[in-house]
Amino acid sequence: MQSDEKILKAYELAKEEFASWGVDTEEALRKFDTVKMSIQCWQGDDVKGFEPVGDIGSQNVVTGNYPGAARTGDELRADIDFAAALSPFSHKINIHSCYGEFGRDRKDVTVEDFSRWIDWAKEKGYGLDFNGSYFAHPMMNNGFSYASLDKTTRDYWIETAKGTREISYEIGKRLGQVCYNNLWIPDGLKDTPANRFRYRDVLEESLDEILAKKYDGEYFVDTLEGKLFGIGVESFTVGSHEFYLGYAASRRGVGVCLDTGHYHPTEQVADKLSAVVRFVDHVLLHISRGVRWDSDHIVVQSDDLTALMSEMNRGGLYGKVAMGLDYFDASVNRIAAWSIGLRAAAKAVLTSLLEPFAYIDKAELEGDFTARLAYTDEFKNLPVNAVWDYMLLKKGIPEGRDALASIKKYEKDVLSLR
Ligand code: RNT
Ligand code: ZN
């Protein structure tokens, strides 16, 4: 553990260094406190949820069987609390309709099935976000939900989706803050379809029906999450990025969710923000780490993540574009999985707030691309970590080594007894 004195000394030096670049570290820290990050509940139990559907194949492929997964709502909430305490963000918690606690099917759940989540969120000061679960269910029809050509299948999932909007709106109202209702469906084909138009006609019609009812935007936002491909649907995904982008851009009030694992591996979501936010009313980011494909690896520090947050800050998007983590890894301690991702995302946010952007912006305006490149590379070595340590100290959050030690202790005392 570093001594407080050392952290404070290093911070004073870093503060001077940033000031010499025209950056006020205190201002950056104040801004940091306005940024919210949604924690994906499903990292804690490998996207299983609490329905009595049995062990049915899922469209979300989870790797590993590390001991200690949460088995009940109370265990999952306790684990999330533990991870949240290791993160400097203010948090929302992102839940799925398969996490209702009274054993009802996801078509029949109402806001009451999530009352424990809501009471807990209220008590801890978290916001909540919501998703319909369109996977791992007997009514999935060869991997299709409301883009299915089969009417019975489609109708079941359309009703389910309508219900999730009702629930999200009620959650938002009860918590007095916006609840994002994210719609992601895995619907797609292993091999090349004969008629792509037919599937997309069906999806458009289903969405029109699902989204017909309007809700008060203060408490509720719809987002549609596209995807390039998934395991088993390599050739065609009905709800592609372009489909939802076009859909959302042509309807007021509908948003899109951009998941950083859902594009060709060399595409960067950082590059998409400035294009999307001008035409679509709401944007939600799912922060994930694809390794070769949408592999939902734990988020760690990377150039892509830094670029994404940098773009958020440069575009003034904090507070406008919502953010949540989205990955699931069962091969390591699940609490560590949350904490590593949260802390990596938080470091990227802090880095973005400390970036002496004016230097590169000015260089670009003046056509001095030499200076733009030189400064950009120089900024990578500014003493962000000294500000990070100071921020953790001020918030009473353990530094890296201590965070890991506390997770190991929780594993021994709590997780290993499950
Ligand atoms: C899947 C999507 C989706 C899910 C969660 C569980 O590729 O990213 O967001 O990960 O809803
Ligand atoms: Zn996602």
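The structure we're discussing is the one just above.
What counts and how
- Residues numbered from 1 in each chain as written.
- Chains lettered and ligands numbered in written order.
- Predicted model: local features only at pLDDT ≥ 70, side-chain atom pairs only at ≥ 80, totals over all residues.
- Heavy atoms only, no water.
- Helix = DSSP H or I, 4+ residues; strand = E, 2+ residues; numbered from the N terminus.
- Buried < 20%, exposed > 50% of the residue type's maximum accessible area, 1.4 Å probe, protein only.
- Contact = heavy atoms within 4.5 Å.
- Expected span 1.5 Å × (residues − 1).
- Donors = N, O, S within 2.8 Å, 3.2 Å for Na, K, Ca; no water.
- Tetrahedral: all angles 85-135°; square planar, octahedral: opposite > 155°, others 65-115°.
- Disulfide = S-S within 2.5 Å.
- Core = buried A, V, L, I, M, F, W, Y, C linked by side-chain atoms within 4.5 Å.
- Patch = residues over 30% accessible without salt bridge, like charges linked within 9 Å, V, L, I, M, F, W, Y side chains within 5 Å.
- Areas by Shrake-Rupley, 256 points an atom, 1.4 Å probe, with all protein chains shown as cover.
- Salt bridge = Lys/Arg side-chain N within 4 Å of Asp/Glu carboxyl O.
- Lys, Arg positive; Asp, Glu negative; His and termini not counted.
- Charge placed at Lys NZ, Arg CZ, Asp CG, Glu CD.
- 1 Å grid on protein atoms, 1.4 Å probe; cavity = no way out; pocket = protein on both sides within 12 Å on 5 of 7 lines; lining within 4 Å.
- Points joined across faces, edges and corners; volume = space filled by probe spheres on them.
- Nonpolar A, V, L, I, M, F, W, Y, C, P; charged D, E, K, R; others polar.

(A) Inspection of the environment of N60 at higher detail. Relative to the helices and strands, N60 is located in the loop between strand 1 (36-40) and helix 3 (73-84). By relative accessible area, N60 is classed as buried at 14%. Note: C-alpha distance between N60 and L305 (245 residues apart in sequence) is 23 Å. Filtering out sequence-adjacent residues up to four positions away, N60 remains in contact with V47, F135, W184 and F328.

(B) Representation of helix 5 (residues 151-175) within the structure. The end-to-end C-alpha distance of helix 5, which contains 25 residues, comes to 36 Å, matching closely the 36 Å that a straight helix rising 1.5 Å per residue would cover. Phi for G176, located one or two positions after helix 5, is positive at around 65°.

(C) A look at the coordination of the zinc ion (ligand 2). Protein-derived ligands of the zinc ion (ligand 2) are E225 (OE), D259 (OD), H286 (ND1) and D326 (OD), with the metal-ligand distances lying across 2.0 to 2.1 Å. One way to put it: the 6 donor atoms around the zinc ion (ligand 2) meet at angles of 70 to 168°, and that makes the site octahedral. Mapped onto the sequence, the donors of the zinc ion (ligand 2) take the spacing E-x33-D-x26-H-x39-D. A residue pair is termed long-range when its members are at least 10 positions apart, and E225 in strand 6 (residues 220-225) and D326 in the loop between strand 12 (322-325) and helix 10 (334-353) qualify at 101 residues. No difference in accessibility class separates E225 from D326, as the two residues are buried.

(D) Spatial organisation of the state of the cysteines. Applying the stated criterion across every chain yields a total of 0 disulfides. In this structure C257 is a free cysteine whose sulfur lies 13 Å from that of C179, the closest cysteine sulfur available. Judged by its relative accessible area of 2%, C257 is buried.

(E) View of the nonpolar core. Formed by 120 residues in total, the largest nonpolar core has its most connected members in W117 and Y146. No other element matches the 12 residues that helix 10 contributes to this core. Setting aside chain neighbours within four positions, we find W117 in contact with C41, F50, L76, R77, I80, I93, I95, Y99, E101 and L128. Grouped together as the second largest cluster of nonpolar side chains are 5 residues, Y180, V221, C257 and L284 included.

(F) Quick peek at a negative patch on the surface. Taken together, the side chains of E12, E16, E17 and E378 present a region of like negative charge at the surface. In terms of residues, the negative patch owes the most to one element, helix 1 (residues 4-20), which gives 3 residues. On the basis of relative accessible area, E16 is assigned to the exposed category, the value being 57%.

(G) Region of interest: the environment of A270. Its place among the elements puts A270 in helix 8 (residues 269-276). For the pair A270 and D304, spaced 34 residues apart in sequence, the C-alpha separation works out to 7.5 Å. Those residues in contact with A270 that sit more than four places away from it in its chain are A307, L308 and E311.

(H) Structural view of the layout of surface pockets. A volume near 840 Å³ is recorded for the largest pocket. Every residue lining the largest pocket is counted, 33 residues in all, and those nearest its centre are T306, A307, S310, E355 and K380. Looking at the lining of the largest pocket, the elements that each hand over two or more residues are helix 8, helix 9 (303-314), helix 10, helix 11 (357-365), helix 12 (369-378) and helix 13 (384-395). Here the element with the most residues in the lining of the largest pocket is helix 9; it accounts for 7 residues. Here the residues of the lining of the largest pocket are counted per class, giving 14 nonpolar, 9 polar and 10 charged. Counted as a void, the second largest pocket has a volume near 440 Å³. The wall of the second largest pocket is formed by 27 residues, among which T260, S288, R289, G290 and D304 lie closest to the centre. Ranked by the residues each element gives to the lining of the second largest pocket, the list is headed by helix 9, at 4 residues. For the lining of the second largest pocket, the per-class residue count stands at 13 nonpolar, 8 polar and 6 charged.

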